[in-house]
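# A look at the structure
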Amino acid sequence: METKRDVVASGLRRRILAGELERGSRLRQDEVAGWFSSSITPVREALRLLEAEGLVTSEAHRGVRVAGVDMDNLKSLYVTRRLTETFAIRRAATRISRHELRAARRLLEELDEASAAGDSAARNSFNEQFHFFFYDRCGLPGLRNRIEDLWRAFPWDLALDSGARFDEAHGEHEGIVAAVHEADPDRAGELLGIHIRNGFLRLAEAAAGEAVADPFELDAD
């Protein structure tokens, strides 16, 4: 059962990652409490939780703000996601039946509809559900939970709302499903790695204002 702290934390996390709360904006505890019909104590607990996740920052005399994007941290999140998620899908690829994949394809249809409608919150939700369809079936619950922690800290609100990226991501998703359909774990892991890389590079460029080298490459700084 969710506690009031969990409800507030989940609601704030959703608003931040959907772009409803801008990076750097101040979070007044009394205002947040009003959003969720809560007392101040659960709000304080929720903000401490989100600070541990890297989504908010707390500074003396400045209060709590939605965290900006730290490029070093973003690179670390990306590299760790690419390592863990590609391993998880390789394990899942031999554990998922072709019948089960129908659910993944339905999620893709809903993701495409949300993207076409410009609904960022729904897009992020269906995208997460699609990916975790595979991670939930990797056979290692602890790994799946670690991946969830990484997703919570990743700045999804900065994902580009561009038709070009939607089309590119759609093709990447379809390729991943096809590889799992053929029970080809190496191909599934390879395609997911490419998908994660492409999304990171576009997001990092948007955050930095210039092209960023792929930190997954051994010679990149």
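Everything numeric here is computed off the predicted structure, so don't read it as measured data. (Residues numbered from 1 in each chain as written. Predicted model: local features only at pLDDT ≥ 70, side-chain atom pairs only at ≥ 80, totals over all residues. Heavy atoms only, no water.)

## Considering the packing of aromatic side chains
- On inspection of all chains with the given rule, the structure shows six aromatic pairs.
- Both rings, one in Tyr 78 and one in Phe 200, keep their centres 4.1 Å apart while their planes meet at 5°; by these two values the pair is stacked. One end of the pair, Tyr 78, is in helix α4 (residues 71-93); the other, Phe 200, is in helix α9 (residues 185-208), with 122 residues separating them in the sequence.
- The exposure class assigned to Tyr 78 is buried, which follows from its relative accessible area of 0%.
- You can call Phe 200 buried: its relative accessible area is 1%.
- Judged by centre distance (5.3 Å) and plane angle (85°), the rings of Phe 130 and Phe 134 are edge-to-face. Here Phe 130 and its partner Phe 134 are both found in helix α6 (residues 120-135), four residues apart, which amounts to about one turn of the helix.
- According to the relative accessible area criterion, Phe 134 is buried, its value standing at 2%.
- Among the aromatic residues, those joined into a cluster by ring pairs are Tyr 78, Phe 200 and Phe 216.
- Sitting over the face of the ring of Trp 35, Arg 15 holds its NZ or CZ atom 4.7 Å from the ring centroid.
- The lysine or arginine in question, Arg 137, covers the ring of Phe 133, its NZ or CZ lying 4.0 Å from the ring centre. (Phe/Tyr/Trp six-rings, centres within 6.5 Å; stacked < 30°, edge-to-face > 60°. Helix = DSSP H or I, 4+ residues; strand = E, 2+ residues; numbered from the N terminus. Buried < 20%, exposed > 50% of the residue type's maximum accessible area, 1.4 Å probe, protein only. Lys NZ or Arg CZ within 6 Å of the ring centre and 35° of its normal.)

## A word on the pattern of salt bridges
- As enumerated under the stated definition, the model contains 13 salt bridges in all.
- Linking Arg 82 and Asp 214 is a salt bridge whose minimum nitrogen-to-oxygen distance equals 3.4 Å. In this pair, Arg 82 sits in helix α4 while Asp 214 sits in the segment after α9, placing the two residues 132 residues apart along the sequence. You'll find Arg 82 and Asp 214 in the same group, each marked buried.
- As a salt-bridge pair, Arg 187 and Glu 190 come within 3.1 Å of each other at their nearest N and O atoms. Here the residue Arg 187 and the residue Glu 190 both occupy positions in helix α9, the gap between them amounting to three residues, near one helical turn.
- Given the relative accessible area of 45%, Glu 190 is considered partly exposed.
- One salt-bridge network, held together by shared partners, links Arg 13, Glu 53, Asp 136, Arg 144, Glu 148 and Arg 152. (Salt bridge = Lys/Arg side-chain N within 4 Å of Asp/Glu carboxyl O.)

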